[in-house]
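Descriptive analysis of the structure
Below are the chains, spelled out letter by letter.
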Amino acid sequence: EFLASIAGQVALAVERKRAEAGVRRRADEFAALYETAIAIGAQQDLSGLLQTIIERATMLFAAPSGAIFLYDAARRDLELAVTQGVQLPSGTRLALGEGMAGRVAQTRQPLIVDNYQAWEHRSPKYEGVPMTASMQVPMLYGGELIGVLDISELRATPRKFTEADAHLLTLFAGQAASAVHNTRLLESILRRLTEREAVSRVSTALRAAHTLDEMLPLLLDETLAVLGTDAGSIVLYDPASGGVRPLAGRGWFTAIDQSPLKPGEGIAGHVFSSGEVYLSREFAADPRASKTSRARIPPGWGGVCLPIRTTRKIVGALFIAVQSPRGLTDDEVRLLTTLAEIAGNAIHRTQLHEQTERNLQRLAALRAIDVLISSSLDL
């Protein structure tokens, strides 16, 4: 009876200590979540935010590796955005249902795998990655899938992630998803402001020009400044030759052959004929580049050629080039498309103005001749 009494007291003490340990653990977890919320809230750009999220997540679970997959709603797949503690090919895409991340994205439920190497549904894209115990949860914001957060072990370990771990990581992923959503929203607002500033700058510059010779250099310089590069060209249709020829150039474009290109010939001729935006990874190796120009194009430069159109027809093309490894983003191409449309209308207006001036000069000359003839009676 005495031993039973002591055993009961010991059991109560053990239960109390376990409860205290659980409370301390929960307090530590919430403190970690609070610190994480502050840390990720201080990030203003998406890349820095993702890096902070994965560092905090691996620290929270004392795990050697982690990864974040972002969901691409347009393509309906996942893209590996950032990793920690393991070298994985960035940019790798997973279809919904493919691998752990694909299944989590598809079901929007946490998934725990005790031994990834023996898991039969692993993706072949990550064959050879030494993941063992792994836990992945969806990053959800207001019911919208933002991505998938992964925490993994990289060596043989008796550790097994629990449902409590998955619940904690889900809370963490909710904070991370909110931060990613807000950062994307902020970047979208800033991008729109930048685009409006760029349009305003170009429009202001074009209003100050009265002739094509004044307008084209201003247009090209302002556009290059917006994109942060120094290589570009404007080619316009030349009725006299029946082709397109460069009328303004900057950077290495000044060394390109200035001879007119027939519609369909070279990149500029192709864009003029098709009216489509043409992207090139490297102009020097592009099969559409004209043979006479290709030899003078420096290696490592890619970019875009866009049609310059008025409301009725295409009048030329705009080249913008950037040096590798940089490439033009979809947002930058969209901005250039807007600027090319503004340029087309301005060029059309200027051409009409110059044509009107020429007609007025002709009429003035005819009027002067008519007055001179009428004022003389001597043959």
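These numbers were taken from a predicted model, which means no experiment stands behind them. (Residues numbered from 1 in each chain as written. Predicted model: local features only at pLDDT ≥ 70, side-chain atom pairs only at ≥ 80, totals over all residues. Heavy atoms only, no water.)

1. Thoughts on the pairing of strand β7 (residues 231-238)
Extensive coverage of β7 is indicated by the burial of seven of its eight residues. Note: β7 against strand β11 (residues 314-323), six bridges, orientation antiparallel. When the bridges of β11 are listed, isoleucine 234 appears paired with leucine 318. The pairing of β7 with strand β8 (residues 243-250) spans seven bridges and is classified as antiparallel. (Buried < 20%, exposed > 50% of the residue type's maximum accessible area, 1.4 Å probe, protein only. Helix = DSSP H or I, 4+ residues; strand = E, 2+ residues; numbered from the N terminus. Pairing = 2+ DSSP bridges.)

2. Structural notes on the packing of aromatic side chains
Summed over the entire model, instances satisfying the criterion amount to seven aromatic pairs. Ring centres of tryptophan 252 and phenylalanine 253 lie 4.0 Å apart, and the angle between their planes is 20°; on these two criteria the pair is classed as stacked. Accessibility assignment for this pair places tryptophan 252 and phenylalanine 253 in one class, buried. A connected cluster of aromatic rings, assembled from ring pairs, spans Trp252, Phe253, Phe283, Trp301 and Phe319. (Phe/Tyr/Trp six-rings, centres within 6.5 Å; stacked < 30°, edge-to-face > 60°.)

3. A word on the sheet that holds strand β4 (residues 111-113)
Adjacent strands of a sheet pair through backbone hydrogen bonds, lying either parallel or antiparallel. Pairing in this open sheet of six strands is antiparallel, and the strands run β3-β2-β1-β6-β5-β4 from one edge to the other. Both outer strands of the open sheet, β3 (93-95) and β4, are each paired with one neighbouring strand and no more. Across the sheet, the mean angle separating the axes of adjacent strands is 25° when strand polarity is ignored. Sheet topology note: the strand β2 (residues 77-84)/β3 ladder contains three bridges and is antiparallel. Counterpart to aspartate 77 in the pairing with β3 is alanine 95. Along the sheet face, helix α3 (residues 99-107) touches β1 (65-72), β2, β3, β4, β5 (134-141) and β6 (144-152) and points at about 35° away from the line of β5. (Axes fitted to C-alpha atoms, helices over the stretch in contact; angles between N-to-C directions. Contact = heavy atoms within 4.5 Å.)

4. A look at the side chain of threonine 92
For threonine 92, the position within the fold is in the loop between β2 and β3. Threonine 92 sits in the buried class, given a relative accessible area of 15%. Once residues lying within four places of it in the same chain are set aside, the contact partners of threonine 92 are Leu78, Glu79, Leu80, Lys125 and Tyr126.

5. Some thoughts on the nonpolar core
Counting 29 residues, the largest nonpolar core has Ile234 and Ile347 as its most contacted members. Put simply, the parts of the chain that give this core at least two residues each are α4 (163-207), α5 (212-227), β7, β10 (301-309), β11 and α8 (330-374). Ranked by residues supplied to this core, first place goes to α8 with eight residues. Excluding residues that lie within four positions of it along the chain, isoleucine 234 makes contacts with Leu216, Leu219, Leu220, Arg245, Pro246, Leu247, Ala248, Ile308, Ala317 and Leu318. Counting 28 residues, the second largest nonpolar core, distinct from the first, contains Ile54, Phe61, Ile146 and Ile151. (Core = buried A, V, L, I, M, F, W, Y, C linked by side-chain atoms within 4.5 Å.)

6. Some thoughts on the sheet that holds strand β9 (residues 278-280)
With respect to topology, five strands assemble into an open sheet ordered β8-β7-β11-β10-β9, the strand pairing being antiparallel. Pairing within the sheet leaves two strands with one partner each, and these edge strands are β8 and β9. With strand direction ignored, the average angle separating the axes of adjacent strands in the sheet is 20°. Packing against the sheet, helix α6 (residues 266-274) makes contact with β7, β8, β9, β10 and β11, and its axis sits at approximately 135° to β11.

7. So, the pattern of salt bridges
Tallied over the entire structure, the rule returns 11 salt bridges. One salt bridge connects arginine 75 with aspartate 77, and the closest N-O pair in it is separated by 3.6 Å. Residue aspartate 77 is classed as buried on the basis of its relative accessible area of 9%. Aspartate 77 is the partner of arginine 93 in a salt bridge, and the nearest nitrogen-oxygen pair spans 2.8 Å. (Salt bridge = Lys/Arg side-chain N within 4 Å of Asp/Glu carboxyl O.)

8. As for α6
α6 sits mainly inside the fold: seven of its nine residues count as buried. Taken together, the buried positions of α6 are Gly266, Ile267, Ala268, Gly269, His270, Val271 and Phe272. Packing partners of the buried residues in α6 comprise β7, β8, β9, β10 and β11. Looking one or two residues beyond α6, the residue adopting positive phi is glycine 275, at roughly 75°.

9. A word on the environment of isoleucine 68
Mapped onto the secondary structure, isoleucine 68 falls in strand β1. In sequence terms isoleucine 68 and serine 178 are 110 residues apart; their C-alpha atoms lie 14 Å from each other. Leave out the neighbours within four places in its chain, and isoleucine 68 touches Leu50, Ile53, Ile54, Glu79, Leu80, Ala81, Val82, Met139, Val148 and Leu149.

10. Observations regarding the side chain of serine 123
Along the chain, serine 123 turns up in the loop between β4 and β5. On the basis of relative accessibility, which here comes to 2%, the residue serine 123 falls in the buried class. One polar contact links serine 123 to glutamate 98, side chain to side chain, over a distance of 3.0 Å. Ignoring anything within four residues of it in the chain, the contact list for serine 123 reads Leu94, Glu98, Gly99 and Tyr116. (Polar contact = N/O pair within 3.5 Å; in protein donor to acceptor, adjacent residues only side chain to side chain.)

11. Here's the deal with the environment of leucine 94
In this fold, leucine 94 is placed in strand β3. Judged by its relative accessible area of 3%, leucine 94 falls in the buried class. In sequence terms leucine 94 and serine 123 are 29 residues apart; their C-alpha atoms lie 8.4 Å from each other.

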